[in-house]
Amino acid sequence: MTSISNVSKGSIIRFKGEPHIIESLVHRTPGNLRAFYQANMKNLKTGRNVEYRFSASESVDLIVTERKQYQYLYRDGSDYVMMDNDTFDQINVQELSIGPSARFLKDGINVTIVFSDDGSILDVELPTFVEVEVMETSPATKDDRATSGTKPATVETGAEVSVPMFIQCGSVIRVDTRSGEYIERVKK
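Since the model is a prediction, treat every value here as computed from it, not as a measurement.

With that settled, consider the UniProt feature "domain: Translation elongation factor P/YeiP central" (unreviewed entry) in the protein chain. Within this structure's numbering, the places UniProt gives as "domain: Translation elongation factor P/YeiP central" (unreviewed entry) are residues 67-122. For residues 67-122, helix accounts for 7% and strand for 52%, while the C-alpha atoms at its two ends are 10 Å apart.

With respect to the secondary-structure elements, His20 resides in strand 3 (residues 18-28). Judged by its relative accessible area of 3%, His20 falls in the buried class. A polar side-chain atom of His20 sits 2.9 Å from the main-chain carbonyl oxygen of Glu18.

Turning to the domain arrangement of the protein chain, a few remarks are in order. The domain boundaries assigned to the protein chain delineate domain 1 (2-62), domain 2 (65-125) and domain 3 (129-185). Relative to domain 3, the C-alpha centre of domain 2 lies at a distance of 27 Å. On the side of domain 3, 13 residues touch domain 2, which itself brings 6 residues to the contact. On the surface where domain 2 and domain 3 come into contact, there are 1 salt bridge. The salt bridge involving Lys106 is made with Glu156; its shortest N-O contact spans 3.9 Å.

How each quantity is defined
- Residues numbered from 1 in each chain as written.
- Predicted model: local features only at pLDDT ≥ 70, side-chain atom pairs only at ≥ 80, totals over all residues.
- Heavy atoms only, no water.
- UniProt positions renumbered as here; feature names shortened; annotations may be inferred.
- Helix = DSSP H or I, 4+ residues; strand = E, 2+ residues; numbered from the N terminus.
- Buried < 20%, exposed > 50% of the residue type's maximum accessible area, 1.4 Å probe, protein only.
- Polar contact = N/O pair within 3.5 Å; in protein donor to acceptor, adjacent residues only side chain to side chain.
- Domains from an automatic or database assignment.
- Contact = heavy atoms within 4.5 Å.
- Salt bridge = Lys/Arg side-chain N within 4 Å of Asp/Glu carboxyl O.

Dropping the structure here:
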């Protein structure tokens, strides 16, 4: 147990029996009231955002974590098979642990897996940006290239991304894995 004042953004705590990551923590002292910490947290099991006020003297259970690099190999049913880059051990990771960014997982991509002190997987962090090839999109006409706008495109992982009109089949694009947004076209 540690004081809430010693916790910072990105720390993982056990709150109401479940692991939560601190997304923001603000110390407030309103007028003549007692000081408190306003915390915005994300439940790592359900993905829900939680807002809570901790008193300045309150203690929280800080979870000791370990981060390891793994390589994505293949999909096995609803699980993803990852290989440890150091020991070459393979583990199965549930889709829920990865979250919505799982739709951008490509063979051979390196991810960071956050393990709890009891060995359970708390979080899977993908690279912020991935480069994927556009497999299917509507062809652009000369008029489309002159105007701004977006169109849906299916990338090699099967995910659908809104891309500018000038993107064609076979183009390689950079996508933000957190939001699923098109960032730029990659020239190779």
